[in-house]
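Coordinate analysis (summary)
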Amino acid sequence: MIPVTILSGFLGSGKTTLLNHLLKQPHEERIGVLVNDFGSIDIDGDLVVGVTGETLKLSGGCICCTIRDDLEQVVFDLLSSEDPPQRLVIEASGVSDPTSVAMTFFVGRLKNLCRVETLVTLIDSETFFQTPVNLTHLLERQLYVADLIVLNKSDLCPSEKLDAVSTLIRSEFPRARIIRTRHGEVPLELLFERSESDFSPEQAQDPIESHVHTVHDHHHHHHTPHTLIFETWSFTCDHPLDRERLFDVLSRLSSQVYRAKGFVHAQDVPSREIVFHVAGKRVNQSIGNPWGARAPQTRLVFIAEKGHCFDELKDQLQECTSLKKRTTFEKPAGADAWLERFASRVRARY
Ligand SMILES: Nc1nc2c(ncn2[C@@H]2O[C@H](COP(=O)(O)OP(=O)(O)OP(=O)(O)O)[C@@H](O)[C@H]2O)c(=O)[nH]1
């Protein structure tokens, strides 16, 4: 039976960062990695670096609901390949319920091939107490089934706040082990350590959600698909963007936008990708890979509250393609004529 580790945690909590850290650590097993992006274009798969095994991308939906069958198929194909991985790590999308992802391994063809060893849930410690009320249910679901809870982004959080987050989580979810990290730096041994028992379907029957997914009826799937709760929109553009303007636009995103990320074709660094992340109110950018033979293209994905209208953002992003430099001072109409009159008066006097 192939051991499976499921990484979950809300949008931007640091799952991909943890995955990258994990894959950079020396490991002897062949690790198969599956990355699920909720957005309509795949970004996460390309953000995973240093993979020694195989990385498969599942995008365009959430593996816990709309594309759950795809997950089963992809894992089955991977395990039936000539050189199958010895271990699987699945990065669930930030909006997914890890229980549903785990349940995929208790039904159909995967039932006798895999065992779900560890469920890891990441928390963005900095923004934990600002979690929008309509998202606390999802967060609870992610925490409830976790064997390991990672309080990530500890570098952005004063120690008193971190203690408060830790105390609250420990009292609400006493079963899990809790670890504080920065940049997802969890030791491999901890991630792959067998918990006291593997995940069992009974764990899915938690008090938070009464309508559980039963083992026998895999299609008896009651929870609301995330496409009904979240809105996703992507922006692609071949023209280079003004990075300063883009930073400005991304810094002022509506609070209904929970997450943005992607690759930018920037005017000032035309030869390399610029990787942008917005998580909470924080905008991060870093220089990524050279475009090489690929045609440079900006690909940004946004995840927001259902019903959010992206029209204004679309206009703002399109304006970032303009080569015109922004001026902070716009001369009022008639200013030139006035200046000319003023100058001639000065000339006449002196
Ligand atoms: N300062 C700081 N930044 C972090 C830390 N962990 C992750 N980040 C940054 O947070 C942003 C989001 O990190 P990701 O790893 O992409 O988050 P994610 O959970 O995979 O995001 P989704 O897949 O969209 O849900 C990136 O800009 C990371 O560099 C941390 O511990 N400290």
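Predicted, not measured: the structure shown is a model, and the values here were computed from it.

The rules behind these values
- Residues numbered from 1 in each chain as written.
- Predicted model: local features only at pLDDT ≥ 70, side-chain atom pairs only at ≥ 80, totals over all residues.
- Heavy atoms only, no water.
- Helix = DSSP H or I, 4+ residues; strand = E, 2+ residues; numbered from the N terminus.
- Salt bridge = Lys/Arg side-chain N within 4 Å of Asp/Glu carboxyl O.
- Buried < 20%, exposed > 50% of the residue type's maximum accessible area, 1.4 Å probe, protein only.
- Contact = heavy atoms within 4.5 Å.
- Patch = residues over 30% accessible without salt bridge, like charges linked within 9 Å, V, L, I, M, F, W, Y side chains within 5 Å.
- Areas by Shrake-Rupley, 256 points an atom, 1.4 Å probe, with all protein chains shown as cover.
- Near = heavy atom within 4 Å.
- Polar contact = N/O pair within 3.5 Å; in protein donor to acceptor, adjacent residues only side chain to side chain.
- Nonpolar A, V, L, I, M, F, W, Y, C, P; charged D, E, K, R; others polar.
- Domains from an automatic or database assignment.
- Core = buried A, V, L, I, M, F, W, Y, C linked by side-chain atoms within 4.5 Å.
- pLDDT = per-residue confidence, 0-100.
- Pairing = 2+ DSSP bridges.
- Axes fitted to C-alpha atoms, helices over the stretch in contact; angles between N-to-C directions.

1. Side note on the environment of V186
Its location among the elements puts V186 in the loop between β7 (177-180) and α7 (188-191). Sequence separation between V186 and F235 is 49 residues; the distance between their C-alpha atoms is 33 Å.

2. Some thoughts on the pattern of salt bridges
Throughout the structure, instances matching the rule amount to 14 salt bridges. Counted as one network, the salt bridges with shared partners bring together E29, R87, R115 and E117.

3. Quick notes on helix α5 (residues 136-144)
Along α5, the residues that are buried comprise L138, L139, R141, Q142 and L143. The elements touched by buried residues of α5 are β1 (2-9), α4 (98-103), β5 (114-124), β6 (148-152), α6 (159-172) and β8 (230-237).

4. Digging into a nonpolar patch on the surface
Judged by side-chain polarity, W338, L339, F342 and V346 come together as a nonpolar surface patch covering roughly 380 Å² of accessible area. On the basis of relative accessibility, which here comes to 48%, the residue W338 falls in the partly exposed class.

5. Some details on the site of the ligand
Within the structure, the ligand sits among 21 residues, and K15, T17, H183, R259 and K261 are positioned closest to it. The contact in question runs from a nitrogen atom of the ligand to an N or O atom on the side chain of D155, over 2.8 Å. Taken by itself the ligand offers 660 Å² of open surface, and the protein chains cover 91% of this. Sorting the residues of the shell around the ligand by element identifies α1 (15-24) and β9 (257-264) as the ones contributing at least two each. In terms of residue count, α1 provides more of the shell around the ligand than any other element does, three residues in total. A per-class count over the shell around the ligand returns three nonpolar, 10 polar and eight charged. Taken together, domain 1 (2-203) and domain 2 (229-319) each give at least three residues to the shell around the ligand, which thus spans both.

6. A short note on the nonpolar core
Core analysis: the largest hydrophobic core is formed by 24 residues, its most contacted members being L246, F302 and L317. Those elements giving two or more residues to this core turn out to be β8, α8 (243-251), β9, β10 (272-279), β12 (298-305) and α9 (311-319). For L317, the contacting residues outside a window of four places in its chain are W233, F235, L246, V249, L300 and F302. Grouped together as the second largest cluster of nonpolar side chains are 22 residues, A92, V101, L110 and C114 included.

7. What about the confidence of the model for the protein?
Of the residues in the protein, 80% have a pLDDT of 70 or more, and the chain-wide mean is 83. Within the protein, no element has a lower average pLDDT than strand β3 (residues 54-59), which sits at 67, and none a higher one than β6, at 97. Considering only residues more than four positions removed or in separate chains, one finds that residues 209-221, a stretch of pLDDT under 50, has 32 contacts.

8. Details of the sheet that holds β9
The five strands are arranged β8-β12-β9-β10-β11 in an open sheet whose pairing can be described as antiparallel. Of all strands in the sheet, those bounded by a partner on one side alone are β8 and β11 (282-290). The average angle at which neighbouring strand axes cross in this sheet is 15°, direction not considered. Note that β9 and β12 share six bridges and pair antiparallel. Each bridged residue has a counterpart across the sheet, and for F263 the counterpart in β12 is R299.

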